[in-house]
Amino acid sequence: SIAIYILEDLLTIRADRHSYYYGREKLFETHPDLVTVLVEESPDLVFDLLDGLIWYSQTVIDGQLNVNYYVKELYGDPSLWSDAWK
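This is a predicted model, so every value here is computed, not measured. (Residues numbered from 1 in each chain as written. Predicted model: local features only at pLDDT ≥ 70, side-chain atom pairs only at ≥ 80, totals over all residues. Heavy atoms only, no water.)

Engineer: For this particular structure, what's the right way to read the pattern of salt bridges?
Structural biologist: Close approach of charged atoms lets side chains of opposite charge pair. Per the counting criterion, the structure on display carries four salt bridges. Salt-bridge contacts for R24 lead to E25; the nearest nitrogen and oxygen are separated by 3.5 Å. Accessibility expressed as a relative area gives 9% for R24, which makes it buried. Two residues, R24 and E73, come together in a salt bridge whose shortest N-O distance is 2.7 Å. Of this pair, R24 sits in helix α2 (residues 24-30) while E73 sits in helix α5 (residues 72-75), placing them 49 residues apart in sequence. Residue E73 is classed as partly exposed on the basis of its relative accessible area of 25%. A single network of salt bridges, built from pairs that share partners, joins R24, E25 and E73. (Salt bridge = Lys/Arg side-chain N within 4 Å of Asp/Glu carboxyl O. Buried < 20%, exposed > 50% of the residue type's maximum accessible area, 1.4 Å probe, protein only. Helix = DSSP H or I, 4+ residues; strand = E, 2+ residues; numbered from the N terminus.)

And the structure:
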């Protein structure tokens with residue numbers, strides 16, 4: 001569907017000689033209620049969103065794979081909390 005295409009396109013990490021580009025920050029800046037809307041209106045798209053918030057390396061080193069999870073917009077920025085346990 002077009003919604004899956006848009007999510008995949010926005011959440012694709014791209015690079016050129018000058019920088020890396022990733023639409024995650026702009027997507028959540030423009031649509032801060034994105035997760036709520038997807039859960040309520042189109043829950044099937046939540047999996048596509050979560051797939052776009054993961055980056056994994058193509059290189060396996062000693063049987064391990066580097067993976068980055070981009071979940072700040074889902075859980076909040078931990079640097080803004082003095083004590084995460086409260």
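Engineer: Teacher, can you tell me more about the layout of surface pockets here?
Structural biologist: By rolling a water-sized probe across the atoms, one finds the places where empty space is left. One number sums up the size of the largest pocket: a volume of about 240 Å³. Considering the residues around the largest pocket, the lining is formed by 13 residues, among which L11, T12, D51, G52 and I54 are closest to the centre. Counting residues per element, the ones that place at least two in the lining of the largest pocket are α1 (2-10), α4 (45-52) and β3 (54-61). Residue contributions to the lining of the largest pocket peak at four residues, all from β3. Of the residues in the lining of the largest pocket, the class split is seven nonpolar, three polar and three charged. (1 Å grid on protein atoms, 1.4 Å probe; cavity = no way out; pocket = protein on both sides within 12 Å on 5 of 7 lines; lining within 4 Å. Points joined across faces, edges and corners; volume = space filled by probe spheres on them. Nonpolar A, V, L, I, M, F, W, Y, C, P; charged D, E, K, R; others polar.)

Engineer: Can you help me understand the packing of α1 against α4 in this one?
Structural biologist: To characterise two packed helices, one gives the angle between the axes of the helices and the distance between these axes. The geometry of α1 relative to α4 is characterised by a closest axis approach of 9 Å and an angle of 15° between their N-to-C directions. On the basis of their axis angle, the class for α1 and α4 is roughly parallel. As for the relative orientation of α1 and α4, their crossing is right-handed in sense. Contacts between α1 and α4 involve A3, I4, L7 and E8 on the former and, on the latter, L45, D48 and L49. (Axes fitted to C-alpha atoms, helices over the stretch in contact; angles between N-to-C directions. Parallel < 35°, antiparallel > 145°, perpendicular 65-115°, else oblique. Left-handed = near helix turned anticlockwise from the far one by under 90°. Contact = heavy atoms within 4.5 Å.)

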